[in-house]
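Each chain, written out:
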Amino acid sequence: MQNTQYPTPETFTRANSAAQFETAKTYFPGGVHSPVRAFKSVDGPPVFFQKGEGCHIYDIDHQKYIDFCCSWGPLILGHVHPRVLARVQETVANGMSFGTPTPHDNLIGKLVLDNHRYIEMIRFVSSGTEAVMSAVRLARGVTGRSKVLKFEGCYHGHVDSLMVKAGSGLVTFGISTSAGIPESFAKETIVVPLAEPEQLAAAFREHGHDIAAIIVEPVPANNGLLLQDRSFLQLLRETATQHGSLLIFDEVISGFRVGFEGAAGLYDIQPDIITFGKIIGGGMPVGAYGASKAIMEQVAPVGPVYQAGTLSANPVAMAAGYATLLELLQPGFYEELAQKTQYFTGKLQAHCDAKGYEITFPSVGSIFWPTFTRQRIQRSEEIDGGKMSLFKVMHLECLKRGVYFGPSGYEVGFVSAAHTYEDLDRAAEVIIAALDIVEG
Ligand SMILES: *Cc1c(COP(=O)(O)O)cnc(C)c1O
């Protein structure tokens, strides 16, 4: 890479990215393959990246950034960790896919199950969406019921029956948030707000006998970071048990992130099914779902719930996941990562407090969310959409100084093991400069 430095507001350019994006728009809807990437809620065209190393990413205009998007969460070790890279290279040289069982299956299977007390068996798929879709089918298959209860502000991938938000009224059936989802599908979903025990109880009073599963992000991190009280998650456990419904923890983002055992371990709550994605693939397209042996043996070919995949447990992807998870089991890994994150958000918070800015940085483990309020936010409706214009300024001013956040104020940031204290000091300086402009 020639001449790669952090940009400054004077030198920052997106000339090459802008040109690529113009071309991409003629090939792909919106120029992208996943909507948020199009930078619709922040300034300018998306930045095109061509290289990552540790916590740094390099764009096609030869500028360097400290990365807090980390591919939306999978890269807990940062980019191209040497031991992950070595294992992937060694594996890929022997073939990319066989469509048969391979020894990698057992390696990662043993590693996960030996170190995760909340599941006994696991099935690998190719994305978080696929994991959730399969988990919901499994819950319906096991219970013989059709409805699913979800929470407003939780994202579960683009699964038809879960792309829904609350309608009006107390206990509401979902209204689809996308064209192309039949009303009859959305009707199978009941949507209630997070952190509202009364509404949950009302939904179960009315529909309890039809509810196959409660699905929740136990650490809701796709619509801001809506940290819940343990008591609410425990209430979900008790309610599900009481009504013969299953509890699904969608841990695609929290799994292996807030601890090796994810949110189940963090809160010590036993869900019936857990979904995984992101970190479990180490940057490759992987998802998985796990449960007790009794529940997992309802899945084909043992049981009647069908689920399959041409590239499921792809050996290269399993190698990336295995090598990543191995690192996470090093003693002190999560403690160190959480300490670094605390140090970083603490520094940002101290500045905002000193200046009297209405900005906070809620965090859990290595997940943090810059939010433009001093209130604790637990429900999506409490997020002030008007404040997203402030995020937009912050995003641009960070970009111009070499700090990369996901391009939406509803997205969380991730600290990786590759971020050093020096990197975090530099990033904090940049973010503080950006926030001074936001508030100035
Ligand atoms: C990212 C995410 C998904 C979707 O995973 P994909 O791999 O993007 O399909 C589902 N649920 C949660 C909680 C997620 O964070």
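Fair warning: this is a prediction, and the values are worked out from it, not measured in the lab.

### Notes on the sheet that holds strand β15 (residues 403-404)
In space, the 4 strands of this open sheet follow the order β1-β2-β3-β15, with mixed pairing throughout. Every other strand in the sheet has two partners, leaving β1 (49-53) and β15 as the edge strands with one partner each. Sheet topology places strand β3 (residues 64-67) next to β15; 2 bridges connect them, and they run parallel. Bridge pairing links Asp67 to Tyr404 in β15.

### Overview of the domain arrangement of the chain
The domain boundaries assigned to the chain delineate domain 1 (15-67 + 332-439) and domain 2 (82-328). One C-alpha centre belongs to domain 1, the other to domain 2; they are set 26 Å apart. Across the boundary between the two partners, domain 1 contributes 19 residues, which contact 25 residues of domain 2. Per-residue buried area on domain 1 facing domain 2 is highest for Tyr334, Gln378 and Arg379; these three make up 31% of the total on that side. Between domain 1 and domain 2 we count 2 salt bridges in total. Note that Arg379 is salt-bridged to Glu196, the shortest N-O span being 3.7 Å. Here domain 1 and domain 2 share 9 residue pairs in polar contact (both at pLDDT 80 or more) between them. Taken together, the elements giving at least two residues each to the side of domain 1 that touches domain 2 come down to α11 (333-355), β13 (363-364) and β14 (367-368). Here the residues of the side of domain 1 that touches domain 2 sort into 13 nonpolar, 4 polar and 2 charged.

### Details of the site of the ligand
Every residue near the ligand is listed here: Ser127, Gly128, Thr129, Tyr155, His156, Gly157, Glu217, Asn222, Asp250, Val252, Ile253 and Lys278. Between the ligand and Gly128, the relevant distance is 2.8 Å, taken from an oxygen atom to a main-chain nitrogen or oxygen of the residue. Asn222 is positioned such that a nitrogen or oxygen atom in its side chain is 2.9 Å from an oxygen atom of the ligand. Considered class by class, the residues forming the shell around the ligand number 3 nonpolar, 6 polar and 3 charged.

### A few points about the side chain of Thr373
Structurally, Thr373 is set in the loop between β14 and α12 (388-399). A polar atom in the side chain of Thr373 sits 3.0 Å from the backbone nitrogen of Gln375. If sequence neighbours within four positions are ignored, Thr373 has contacts with Glu358, Ile359 and Thr360.

### Structural notes on the packing of aromatic side chains
The full count for this structure, using the stated rule, is 14 aromatic pairs. Between the aromatic rings of Phe256 and Phe260, the centroid separation amounts to 4.9 Å while the plane-to-plane angle is 85°, which identifies the pairing as edge-to-face. Side by side, Phe256 and Phe260 carry an identical accessibility label, which is buried. Among the aromatic residues, those joined into a cluster by ring pairs are Phe68, Phe344, Phe368 and Phe405.

### Some details on the pattern of salt bridges
Tallied over the full model, the rule gives 16 salt bridges. Here Glu261 ties to Arg117 by a salt bridge, and the two come within 2.6 Å at their closest N and O atoms. With a gap of 144 residues between them, Glu261 in the loop between β10 (246-250) and α8 (262-267) and Arg117 in the loop between α3 (103-114) and β4 (121-125) connect regions that are remote in the sequence. Residue classification places Arg117 among the exposed positions, given a relative accessible area of 62%. Salt-bridge contacts for Glu397 lead to Lys400; the nearest nitrogen and oxygen are separated by 3.3 Å. The class for Glu397 is buried, based on a relative accessible area of 11%.

### Observations concerning α12
With 12 residues, α12 should reach 16 Å at 1.5 Å per residue; the first-to-last C-alpha distance of 16 Å fits that figure. Those residues of α12 that fall on the buried side of the exposure criterion are Met388, Phe391, Met394, His395, Leu396, Glu397, Cys398 and Leu399. Those residues of α12 that are buried are in contact with β3, β15 and α13 (421-439).

### Quick notes on the environment of Gly174
Among the structural elements, Gly174 can be located in strand β7 (residues 172-176). In this structure, the C-alpha to C-alpha distance between Gly174 and Ile190, residues 16 residues apart in sequence, is 5.6 Å. If sequence neighbours within four positions are ignored, Gly174 has contacts with Val164, Lys165, Ala186, Thr189 and Val191.

### Here's the deal with the sheet that holds β13
Hydrogen bonds between backbone atoms are what pair the strands of a sheet, whose relative direction is either parallel or antiparallel. A sheet is described by the order of its strands in space; here 3 strands give the open sequence β13-β14-β16, paired in antiparallel fashion. Each of the sheet's edge strands pairs with one partner strand only, and the pair in question is β13 and β16 (413-414). For β14 and β16, the ladder comprises 2 bridges, and the chain directions are antiparallel. If you follow Phe368 over to β16, its bridge partner there is Gly413.

### Examining the pairing of β10
The buried fraction of β10 is high, at 5 of 5 residues. Burial along β10 is two-sided: Leu246, Ile248 and Asp250 facing one way and Leu247 and Phe249 facing the other are all buried. As judged from the 4 bridges shared by strand β9 (residues 211-216) and β10, these two strands associate in the parallel manner. Each bridged residue has a counterpart across the sheet, and for Ile214 the counterpart in β10 is Leu247.

### So, the state of the cysteines
Evaluation of the coordinates by the stated rule reveals 0 disulfides. No disulfide involves Cys154; its nearest neighbouring cysteine sulfur is the one of Cys69, lying 20 Å away. What makes Cys154 buried here is its relative accessible area of 6%. Between Cys398, a cysteine without a disulfide, and Cys352, which holds the nearest cysteine sulfur, the sulfur-to-sulfur distance is 11 Å.

Reading the values: the criteria
Residues numbered from 1 in each chain as written. Predicted model: local features only at pLDDT ≥ 70, side-chain atom pairs only at ≥ 80, totals over all residues. Heavy atoms only, no water. Pairing = 2+ DSSP bridges. Helix = DSSP H or I, 4+ residues; strand = E, 2+ residues; numbered from the N terminus. Domains from an automatic or database assignment. Contact = heavy atoms within 4.5 Å. Buried area = accessible area lost by both parts, 1.4 Å probe. Salt bridge = Lys/Arg side-chain N within 4 Å of Asp/Glu carboxyl O. Polar contact = N/O pair within 3.5 Å; in protein donor to acceptor, adjacent residues only side chain to side chain. Nonpolar A, V, L, I, M, F, W, Y, C, P; charged D, E, K, R; others polar. Near = heavy atom within 4 Å. Phe/Tyr/Trp six-rings, centres within 6.5 Å; stacked < 30°, edge-to-face > 60°. Buried < 20%, exposed > 50% of the residue type's maximum accessible area, 1.4 Å probe, protein only. Expected span 1.5 Å × (residues − 1). Disulfide = S-S within 2.5 Å.

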